[in-house]
Each structure stands twice: as C-alpha cells, then as structure tokens.
Amino acid sequence: MTGKTKRMTAAQAIVACMKRESVQQVFCVPGESYLPVLNALYDEPSIRVISARHEGGAAFMAEGYGKATLKPGIVLATRGVGAANLSIGVHTAFQDSTPMIVFLGQVHRKFRGREGFQEVDLDHYFQPISKWAVEVYDPERIPEIVQRAFRVAQSGRPGPVVISLPEDVLPIEAEMYFGPPVKKPKPAPSSTEVQDAEKLLRTAQSPLIVAGGGVKSSQAEEGLIRFAEKFHIPVMAAFRRHDVFPNDHPLYAGHLGLGTNKNVLQTVKEADVIIALGTRLSEVTTQDYAILTPDKQLIHIDIAFDTVGKVYAPDLGIVADVQEALQAMLMIDIQETWADWVTVRRQAYVNISSLEVTETDVINKHVIAMIVDKLPKDALITNDAGNFAGWLHGFYPFREKHTYVGPTSGAMGYGMPAALGAKLAFPDKTVVSLSGDGGFMMTVQELETAVRYAIPVICLVFNNNMYGTIRMHQEMHYPEKVMATDLGAVSFADLAKSVGAAGYVVESAEAFATTFDQALAKEEPAVIEILTEKENISVGSTIEEIRDR
Ligand SMILES: Cc1ncc(C[n+]2csc(CCOP(=O)(O)OP(=O)(O)O)c2C)c(N)n1
Ligand SMILES: [Mg+2]
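Quick look at the structure, then. This structure is a prediction, so every number in the text was calculated from the model and none was measured.

### Brief notes about the overall build of the protein
Along its length, the protein carries 21 helices and 20 strands. A compact globule built from 549 residues should have a C-alpha radius of gyration of about 24 Å, and the protein, at 24 Å, falls within 12% of that. Taken over the C-alpha atoms alone, the protein extends approximately 70 × 60 × 45 Å along its principal axes. Burial analysis of the protein (549 residues in total) assigns 59% to the buried set. A separation threshold of at least 6 residues defines the contact pool for the protein, and within that pool the share at least 24 residues apart is 75%. Surface accessibility of the protein: about 22,100 Å² in total, with carbon and sulfur atoms responsible for 52%. Averaging the coordinates of the 51 positive side-chain charges in the protein and doing the same for the 66 negative ones gives two points 5 Å apart.

### Examining the coordination of the magnesium ion (ligand 2)
For the magnesium ion (ligand 2), the protein coordination sphere consists of Asp437 (OD), Asn464 (OD1) and Met466 (O), at 2.0 to 2.2 Å. Expressed as a motif, the donor residue spacing for the magnesium ion (ligand 2) is D-x26-N-x1-M. Judged on exposure class, the residue Asn464 and its partner Met466 are both buried.

### Comments concerning the site of ligand 1
Near ligand 1 you find 17 residues, and of these Asp437, Gly438, Gly439, Gly468 and Thr469 are the closest. A distance of 2.9 Å is found between an oxygen atom of ligand 1 and a backbone nitrogen or oxygen belonging to Asn387. Within the contact set of ligand 1, an oxygen atom lies 3.1 Å away from a side-chain nitrogen or oxygen of Asn464. When ligand 1 is considered free in solution it has 590 Å² of accessible area, and contact with the protein chains removes 77% of it. Secondary structure elements with two or more residues in the shell around ligand 1: α16 (437-442) and α18 (468-477). Partitioned by chemical class, the residues of the shell around ligand 1 number seven nonpolar, nine polar and one charged.

### A word on a nonpolar patch on the surface
Taken together, the side chains of Met442, Tyr467 and Ile470 present a nonpolar region at the surface, about 270 Å² in accessible area. Of note, Tyr467 is situated in the loop between β18 (458-463) and α18.

### Topic: the sheet that holds strand β2 (residues 25-28)
Within the open sheet, the six strands sit side by side as β3-β2-β4-β5-β7-β6. Their pairing is parallel. Edge positions in the sheet fall to β3 (48-51) and β6 (132-135), since each has one partner strand and no second. Strand-to-strand twist in this sheet, taken as the mean axis angle between neighbours without regard to direction, amounts to 20 degrees. Pairing analysis gives four bridges linking β6 to strand β7 (residues 160-166), with the strands arranged parallel. Within β7, the residue paired with Glu135 across the bridge is Ser164.

### Thoughts on the environment of Ala450
Checked against the element boundaries, Ala450 lands in helix α17 (residues 446-452). Through-space distance from the C-alpha of Ala450 to that of Ile50 is 9.6 Å; in sequence the pair is 400 residues apart. Among residues more than four places away in sequence, those in contact with Ala450 are Leu420, Ile455 and Pro525.

### Some thoughts on the environment of Lys296
Its location among the elements puts Lys296 in the loop between β12 (273-277) and β13 (297-302). With near-sequence residues (within four places) excluded, Lys296 lies in contact with Val268, Lys269, Glu270, Ala271, Asp272, Ile274, Ile291 and Asp315.

### Looking at the sheet that holds strand β16 (residues 404-405)
Across the sheet, which stays open at both edges, the six strands sit in the order β16-β15-β17-β18-β20-β19 with parallel pairing between neighbours. On the outer flanks of this sheet lie β16 and β19 (502-506), each paired with one strand and no other. Judged from the five bridges that link them, strand β17 (residues 431-436) and β18 form a sheet pairing that is parallel. Within β18, the position partnered with Val432 by the bridge is Ile458. Contacts from helix α15 (residues 415-425) reach β15 (380-383), β16, β17 and β18 within the one sheet, and its direction differs from that of β17 by about 170 degrees.

About the thresholds
Residues numbered from 1 in each chain as written. Chains lettered and ligands numbered in written order. Predicted model: local features only at pLDDT ≥ 70, side-chain atom pairs only at ≥ 80, totals over all residues. Heavy atoms only, no water. Helix = DSSP H or I, 4+ residues; strand = E, 2+ residues; numbered from the N terminus. Rg over C-alpha atoms; globule rule 2.2 N^0.38 Å. Buried < 20%, exposed > 50% of the residue type's maximum accessible area, 1.4 Å probe, protein only. Contact = heavy atoms within 4.5 Å. Areas by Shrake-Rupley, 256 points an atom, 1.4 Å probe, with all protein chains shown as cover. Lys, Arg positive; Asp, Glu negative; His and termini not counted. Charge placed at Lys NZ, Arg CZ, Asp CG, Glu CD. Donors = N, O, S within 2.8 Å, 3.2 Å for Na, K, Ca; no water. Near = heavy atom within 4 Å. Polar contact = N/O pair within 3.5 Å; in protein donor to acceptor, adjacent residues only side chain to side chain. Nonpolar A, V, L, I, M, F, W, Y, C, P; charged D, E, K, R; others polar. Patch = residues over 30% accessible without salt bridge, like charges linked within 9 Å, V, L, I, M, F, W, Y side chains within 5 Å. Salt bridge = Lys/Arg side-chain N within 4 Å of Asp/Glu carboxyl O. Pairing = 2+ DSSP bridges. Axes fitted to C-alpha atoms, helices over the stretch in contact; angles between N-to-C directions.

Purely geometric numbers; function is a separate question.
Laid out in structure tokens, this is it:
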C-alpha cells in the first residue's frame, strides 16, 4: 500500500493501470465517447491497439486472447451501441470463466438519466453477465476501480468486468494513487480436507476425474498428470476443455461434450467416486444434468465457493486453487485396486476416436486426420459452434496443454476472431480456426482486421449452405419440415481474396491436403473453404437416417 501519487487525467490513469498489469494488446472499435483513452494509448507505445470491424469481433478477440494467455483480455467500445454489439463476447467470457475487462464510453454525467444519445445504464445492462459492472463518477477513483477490476477478473473463478466511463470524467486531471499489480490468490485445502478426500478414495472401486477450465486457469496440467498417474485414475475433459490432459495418455478417457458417444458416457455412469476438478459441472458436461447420479460420491474442488455444490451437493467440497489441491492430495496414501477399470474405460475411448480413414469416410473426417498429421503438436485450434465441430471434438487428439481455445458458451462467430486473439498471444504457434458457413459469416468482417494487422491464421470453413445443427434438430423433431435453416451460396474463398487474405476452395480430401500445405507454408491470413454435403449432417447420422428413425 505504499507509493506516491501522480497527477494525470482519468484516461491516462486507465492506461497507466493497464501498463502496471503488463497489458500488451487491447481490442476496440473506436467511438467519440472515449477519445481521451485512445489518445492516452497513442502516447503509450508498449500497448498495441487492434481496431476491429465489429465490437462482437473485438470482444471475441479479447476473449480468445484472455483464454490463451490466462490474463485479462481488454476491449474498448462506445456507449449503448458498442456495448450491445460486444455483449456476446462478455457472455462468453462469463460462461467460460475467462478474465476480461471491458471499458465503455458513457454519456456525459450531466446527461445521465435523460436517455441521452446512445445512453444505456451500462452497469445494470451487464450485471447479470459479468462478475462486476461499475460506472466511474470520480476521476481520482480510476486507479482504485481499474485495479480492482484486474483483481476481480482474475481472482477466484475468472470472468469479465465492465467499466462504464462517462465521457466528461476522462479528460479531468487528478492526483492518482496506484497500488501494486495484482497477484492471483491461490488458496490451498486444509489438512482435514485432504484426509477426508483420502477416506473417500479408499472406498472407491471405479474412480474418475472430470477436469475443467480450473485446471487450465491454475496451470495445473502437469500437476494433474502427476496426480492421475500416482493413483492411476482415469481423466475425462469437461465440455470444450480438451487440452486439460494429453488425449494420447493411457489415462485419458474422453471428452464430455455435445453428441458424446454413449460408450464414452458409460465411463461416467460406471464411476463410483468422481473428483470434479475446476469445473462447474455444466449442463453439457453432465449431459443435461443426467449422468451424475446420486449413487456416486462426489469430491468437488474449485477455487470459487459458489461453484462448489452449485448443482450437486458434494460429499466433499473443497474451495482451493486446483494446482494447490492436487499438490496437497499427492500426500494421500492409498493403493489402487482398479487397474482393469482403467484399461476398459481407456479402450472405450480409443475404440471410438480412431483417426483411421477409409474412402467411405466423409471429407470432414479426412480433414481432421490430415490436420493432425500436418500440424505441429503444439498448434492451437479454435472453433465456432456448429455440427462441423463434431468431427474435431470426436477425433482430434489434443496432446499438449494450451492447444485449444473454444467457446463453452456455444457462441457462433467465435472461432476466427478468437484465433486472431490467440495468435497475437502466441505469435510463434500455428493457429487454425474451424467454422461452419453460418458461424463464419457472423464475424467474417474480422478477416480484414487479420489482413490489416498481418495476423496469419488459417481458417477452415465447412460450407454446407445451411445452419446444419438446427436443421438436424428440425429433422429430429419436425421431420421434413425445413424452415429457416437453408442458406444461400457464398464463396468464402472469394470473400477472403476481396479483403487481401488468401482464399482457397476444395471439394476433395486430396485437394485439401495440398491446399493446407500451401497455406501452412505461407505466413498470411488464409481461408480454406471446404465444400461438404448437406446429407452428412453430423458425425453420427445422415439426414435420411434421422428421417428413417
Ligand atoms: C450466436 C448464435 N446464434 C445462434 C446459435 C444457434 N445455433 C447453433 S449451431 C447453429 C448453426 C450452425 O451453422 P454452421 O455454422 O453453418 O455450422 P453447421 O452446423 O452447418 O456445421 C445455430 C444457428 C448459436 N449457437 N449462436
Ligand atoms: Mg453450415
């Protein structure tokens, strides 16, 4: 709490806070309401400003950046209009527990409440989808509030914070006091809690770890390998947290996602003691809250007290940083008696995730097999929402940590802008996004942002001329009554070329192979449009098969 005060404007104090927290990039769409902040950023060359084409794109970039780096992604936008546009990214950061800070220009303090130009009560508007939403009235309180925002976004369960900045506050000078930068608290379990975990594990015959985003945010990936290996417990990844554990490890037993194979779900059904690690046990992970039945014992470990027991009352709930908890639980002294259980459950996963392809396999599967073959192991993959992702989730083996950035919120339009955020965070990694034609079109304008800032990502677009996922649900519930799910023709390759990116279109696995090599060799933003058949609507079924049921 020691330090001197400094005189500067509120806008300069915001940028000074960013600098103290080692912010390197911010994402924005400019607006006249927060010009002083842009001006202060102009004067701070250590922070790069990426100006996007749409606030939704900017927010997804910041979310992808935050998810990849585990540090808050920063996004700036203007009043009600920019706020409304970027809210999908805030919602994603909220559901996905991604640290993010949103700075929004607001109308003049004297005009607040008159429904001024573009006025929205931004703090109320964002309260339900953020960890904290606040408006600043006093310039000298900027450091207090912005530093607290950095603390709130990263502490406990990470998430988004929204700060509303009335435009007249920003140019005012004041004496500013800055505290030290944030260090994330890392609470550890008590020795009694570790003993209780030992007692529960002693009763186990078929234990299972379900690992979620908390493993990633506490950087506990190695700790999880050590823990799982020591007690020989199989590990499953929570929804869209594929890279929490190496998928080629003999203890990995699959991913709990949408359309997960029933033989993989059987592992959860047969487990008797479940260790839920850094996961909120979401609707998708628990398959509509169905697979964690009351006969199981649950050890729920999470850094947030309100995540533990949020849905399932645990037999043992521990509020702790996952890395600290795993370290402490290495002291447990038990002998495993479940070797066969592990072998059988691993085999169940191996059987359904084989990457072997034959001529009868659809192009979607060939593409996954080829990218696995051609990409370095540490390549980072992002995806959009849509049925095309089923092949990625089902067959792509994530072998290293920090190789996946995906939306547990299920937001369409996420894949490509999140890839831009991730590539800016890790410029040396190969970054590939996967999207459907519907989702890609929702944020396609950010391809120009990729070109303008020379951010070389490769975007795979699976084009079936439809909102395939919804068509699938339609065929299941209202067969043959197709409504609102057909889409017109778009040449994504030409669209890419029109903004200066490389554009390719392929119709066969062979063509994809040579095109992907070409795209990899060139360090430039590229779109590979993959033409797919409507009929091959999902990994499990064709349209005809769904109708026949
Ligand atoms: C922002 C948003 N709007 C709507 C939805 C509902 N939705 C889920 S998947 C989907 C269709 C996806 O179509 P496409 O991107 O072409 O992928 P496909 O399923 O055809 O492979 C829709 C509309 C969503 N998840 N996100
Ligand atoms: Mg589609």
